[in-house]
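Here is what each chain is made of, one letter per residue.
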Amino acid sequence: MVPSTVRGKLKDRLATISGLKVYDYIPDSVNVPAGIVGQLDMNFDATFNRGFDSATCTVLLIVGRMSEQAAQAKLDGYLAGSGATSVKAAIEADATLSGAVQTVRVASATSGSVQVAGNDFLAYRYVVDLIG
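This is a predicted model, so every value here is computed, not measured.

Thoughts on the overall build of the chain
Tallying secondary structure elements over the chain gives 3 helices and 5 strands in all. Counted from the first residue to the last, the chain has its helices and strands arranged as α-β-β-β-α-α-β-β. For 132 residues, the compact-globule estimate of 2.2 N^0.38 gives 14 Å, and the chain sits close to it at 15 Å. Seen through its principal axes, the chain has C-alpha atoms that stretch 50 × 30 × 20 Å. Put simply, the chain has 132 residues, and 39% of those count as buried. Considering only residue pairs separated by 6 or more positions, the chain has 54% of its internal contacts joining residues 24 or more positions apart.

The structure is reproduced here in structure tokens:
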């Protein structure tokens, strides 16, 4: 599993969501709505003799300022388990990320906020499980 390849493939999957700006690196500034693919947390040697590694990756989805009512409605669409704006559906539509991993699964999403350039934005932190 090559971390930069996995991040790039996750970015490609998120880019299938219309209107979402996607980064596979942490940008200096963001234009919302934005999906930011984080670094991988690796677990080596999940099976003996280098059978496979596993990893988790956080995807941060930033939608709009906390004061914007429309931001919550957008987050709800991204949080859905299926549909055109579903983060889970977009990522899991390619179960191997074009061969970068053996399998991918969006395990959870946690609501919260993130501060960017002194502004508070509504966000979700998705945990993506990767085996490969």
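A look at the sheet that holds strand S2 (residues 34-43)
Two strands in a sheet stick together by hydrogen bonds in their backbones, pointing the same way (parallel) or opposite ways (antiparallel). Strand order in this open sheet of 5 strands is S1-S2-S3-S5-S4, and the pairing throughout is mixed. Lying at the two open borders of the sheet, with one neighbouring strand each, are strand S1 (21-23) and strand S4 (103-116). The mean angle between the axes of side-by-side strands here comes to 20°, regardless of whether they run parallel or antiparallel. Sheet topology places strand S3 (residues 54-65) next to strand S5 (residues 119-131); 11 bridges connect them, and they run antiparallel. Note that in S5 the partner of Ser54 across the bridge is Ile131. Across the sheet, helix H1 (residues 3-14) is in contact with S1, S2, S3 and S5; its angle to S2 comes to roughly 150°.

A closer look at the nonpolar core
The biggest cluster of nonpolar side chains holds 29 residues, and the ones touching the most others in it are Leu14 and Leu130. When contributions to this core are tallied by element, the ones reaching two or more residues are H1, S2, S3, helix H2 (69-79), helix H3 (87-92), S4 and S5. Tyr23, Ile62, Val116 and Ala123 belong to the second-largest nonpolar core, a separate cluster that totals 10 residues.

Re the pairing of S3
Taken across its 12 residues, S3 has 9 buried, putting it largely inside the fold. As judged from the 8 bridges shared by S2 and S3, these two strands associate in the antiparallel manner. Bridged to Ile36 within S3 is Leu60.

Conventions adopted
Residues numbered from 1 in each chain as written. Predicted model: local features only at pLDDT ≥ 70, side-chain atom pairs only at ≥ 80, totals over all residues. Heavy atoms only, no water. Helix = DSSP H or I, 4+ residues; strand = E, 2+ residues; numbered from the N terminus. Rg over C-alpha atoms; globule rule 2.2 N^0.38 Å. Buried < 20%, exposed > 50% of the residue type's maximum accessible area, 1.4 Å probe, protein only. Contact = heavy atoms within 4.5 Å. Pairing = 2+ DSSP bridges. Axes fitted to C-alpha atoms, helices over the stretch in contact; angles between N-to-C directions. Core = buried A, V, L, I, M, F, W, Y, C linked by side-chain atoms within 4.5 Å.

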